[in-house]
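Residue-level structural notes
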Amino acid sequence: MLFEGSGVAIVTPFNEDLSVDYEAYRNLIKFHLENHTDAIVALGTTAEAACLSECEKMKLIDISIDEIKGKIPLIVGTGSNNTNEAIRFSKKVSEIDGVDALLLVTPYYNKCSQEGLYKHYKEIANNSIKPIILYNVPGRTNVNIEVETVKRLSKIENIVGIKDAKGDLAYTTNLRKVLPKDFAIYSGNDDVITPLMSVGGNGVISVLANIYPKEVHDLVKYALDGNFEKSASIQLKYFNLIKALFVDVNPIGIKFAGSVLKLYKNELRLPLTKASEKCEILIKNALEDLND
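Given the structure is predicted, the values throughout are model-derived calculations rather than measurements.

**Here's the deal with the pattern of salt bridges**
A complete count under the given rule lists 15 salt bridges for this structure. Across the salt bridge formed by Glu48 and Lys255, the nearest N and O atoms sit 2.6 Å from each other. Of this pair, Glu48 sits in the loop between strand S2 (39-42) and helix H2 (54-68) while Lys255 sits in helix H12 (residues 252-260); the two residues are 207 residues apart in sequence, bridging distant segments of the chain. By relative accessible area, which is 0% here, Lys255 ends up buried. Lys243 is paired through a salt bridge with Asp191; the nearest N and O atoms lie 3.6 Å apart. Of this pair, Lys243 sits in helix H11 (residues 239-245) while Asp191 sits in the loop between strand S7 (184-187) and helix H8 (193-198), and the two are 52 residues apart along the sequence. Exposure remark for Lys243: the relative accessible area of 43% places this residue in the partly exposed category. With relative accessibility at 25%, the residue Asp191 sits in the partly exposed group. Where salt bridges share partners, they join Glu54, Glu85, Arg88 and Lys92 into one cluster.

**As for the state of the cysteines**
This structure, assessed with the given rule, holds zero disulfides. The cysteine Cys55 is free of any disulfide, with Cys51 supplying the nearest cysteine sulfur at 16 Å.

**Some details on the pairing of S7**
Of the two faces of S7, the one carrying Ala184 and Tyr186 and the one carrying Ile185 and Ser187 are both buried. Note that strand S6 (residues 159-164) and S7 share four bridges and pair parallel. Looking at the pairing, Ile162 lines up with Ile185 of S7. Handedness of the S6-helix H7 (residues 169-178)-S7 crossover: right-handed. Note: S7 against strand S8 (residues 203-206), two bridges, orientation parallel. In the sheet register, Tyr186 faces S8, and the bridge partner there is Gly203.

**Some words on the nonpolar core**
Judged by nonpolar contacts, the single largest core of 80 residues is most densely connected at Leu134, Val150, Ile159, Leu208, Leu241 and Ile283. The residues touching Ile159, leaving out its near neighbours within four places in the chain, are Tyr121, Ala125, Ile132, Leu134, Leu153, Ser154 and Phe183. Of all hydrophobic cores here, the second largest spans 15 residues; its members include Val105, Tyr135, Val137 and Ile205.

**Here's the deal with the packing of helix H9 (residues 213-224) against helix H10 (residues 228-237)**
At a minimum axis separation of 7 Å, H9 and H10 run at an interaxial angle of 150°. The angle between the axes of H9 and H10 places the two elements in the roughly antiparallel class. Crossing handedness for the pair H9 and H10: left-handed. Contacts between H9 and H10 involve Glu215, Asp218, Leu219, Tyr222 and Ala223 from the first element and Phe228, Lys230, Ser231, Ile234 and Gln235 from the second. For the contact of H9 with H10, the residue count by class is five nonpolar, two polar and three charged.

**Description of empty space enclosed by the protein**
Across all of its chains, the model carries two cavities of 30 Å³ or more by this definition. By volume, the largest cavity is sized at about 40 Å³. Along its surface, the largest cavity is lined by Asp164, Gly167, Asp168, Leu169, Thr172, Asn189, Val192 and Leu196. Its residues placed into classes, the lining of the largest cavity shows three nonpolar, three polar and two charged. Here the second largest cavity is characterised by a volume of approximately 30 Å³. Forming the boundary of the second largest cavity are Ala9, Val41, Gly44, Thr45, Thr46, Leu103, Tyr135 and Lys163. Of the residues in the lining of the second largest cavity, the class split is four nonpolar, three polar and one charged.

**Notes on the sheet that holds S8**
Spatial strand order, S1-S2-S3-S4-S5-S6-S7-S8: eight strands in a closed barrel with parallel pairing. Along the sheet, successive strands turn relative to each other by an average axial angle of 25°, direction set aside. As paired elements, strand S1 (residues 5-9) and S8 share four bridges and run parallel to each other. Counterpart to Ser6 in the pairing with S8 is Val204. Lying over the sheet, H7 contacts strand S5 (132-136), S6 and S7, oriented at roughly 165° with respect to S6.

**As for the UniProt feature "site: L-lysine inhibitor binding" (unreviewed entry) in the chain**
Within this numbering scheme, the UniProt entry marks Ala50, Asn81, Glu85 and Tyr108 as carrying the feature "site: L-lysine inhibitor binding" (unreviewed entry). A maximum C-alpha distance of 13.4 Å among these annotated residues, which run over 59 residues, shows that they cluster at one spot. Lining residues of the largest pocket, restricted to the annotated ones just named, are Ala50, Glu85 and Tyr108. Locating Ala50 in the fold gives a position in the loop between S2 and H2. Relative accessible area serves as the criterion here: at 81%, Ala50 is assigned to the exposed category. The residue Tyr108 is located in the loop between strand S4 (101-105) and helix H4 (114-126) in this model.

The rules behind the values
- Residues numbered from 1 in each chain as written.
- Predicted model: local features only at pLDDT ≥ 70, side-chain atom pairs only at ≥ 80, totals over all residues.
- Heavy atoms only, no water.
- Salt bridge = Lys/Arg side-chain N within 4 Å of Asp/Glu carboxyl O.
- Helix = DSSP H or I, 4+ residues; strand = E, 2+ residues; numbered from the N terminus.
- Buried < 20%, exposed > 50% of the residue type's maximum accessible area, 1.4 Å probe, protein only.
- Disulfide = S-S within 2.5 Å.
- Pairing = 2+ DSSP bridges.
- Right-handed = clockwise from strand over helix to strand, strands pointing away.
- Core = buried A, V, L, I, M, F, W, Y, C linked by side-chain atoms within 4.5 Å.
- Contact = heavy atoms within 4.5 Å.
- Axes fitted to C-alpha atoms, helices over the stretch in contact; angles between N-to-C directions.
- Parallel < 35°, antiparallel > 145°, perpendicular 65-115°, else oblique.
- Left-handed = near helix turned anticlockwise from the far one by under 90°.
- Nonpolar A, V, L, I, M, F, W, Y, C, P; charged D, E, K, R; others polar.
- 1 Å grid on protein atoms, 1.4 Å probe; cavity = no way out; pocket = protein on both sides within 12 Å on 5 of 7 lines; lining within 4 Å.
- Points joined across faces, edges and corners; volume = space filled by probe spheres on them.
- UniProt positions renumbered as here; feature names shortened; annotations may be inferred.

This is the structure:
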């Protein structure tokens, strides 16, 4: 299995002029290594990858490799709704030493069929030399990978897991029932990490871990060890903050929260804007409650 534990869906820090703050990104990688994050997941939704140039993406990959030095897996988002483009970029990234796997979101906007999904992923897998994690997030893409489609895809040798952001435990349970034991299921929703782990999940690709990496690592580790009471206690402790982080669309909330904790600046590229007053108040209150 690629990894078990807490993978961080790491943000991309920006300067006030909206250039990438590569120094802050380098420091974030160090922060995660020091605080027991189990995998770095770069260039995903939380990273605002849709608003990054390929040159910027490649530099972020290079920095990640340079700082990680093989200590934990580096997983890179290479998805697109254009299959040919996803094949091209996935092939390019998969050939980089130091990249351990690819994360591939379902094609958005096109609203393809299940057969289209299967062929999309199969073609990318056939052109990549690294393991692939499927990313199912129908709330964003309006496309769901049905359980039977995931089962078909799991038979392709280098498709090894799924980031499940559907938010439906019945779906997750069905996945675990029909998939091989070594096919990883990672929670894509921070508010249900412990429940998802209880039905056979292997970890999380987390937004919250951007600011509380050790705590998310511990939450998952307790669940992996079968201590669901302690895992649930951490899940409940951070529940209000998790809900607050998603009052505005991700990564708006986590960018604000990280700036409050002085990890990076509260800057996002359009079409995303800074957090609403309601979101800011809820995050500040939740952070203060955690410090009481």
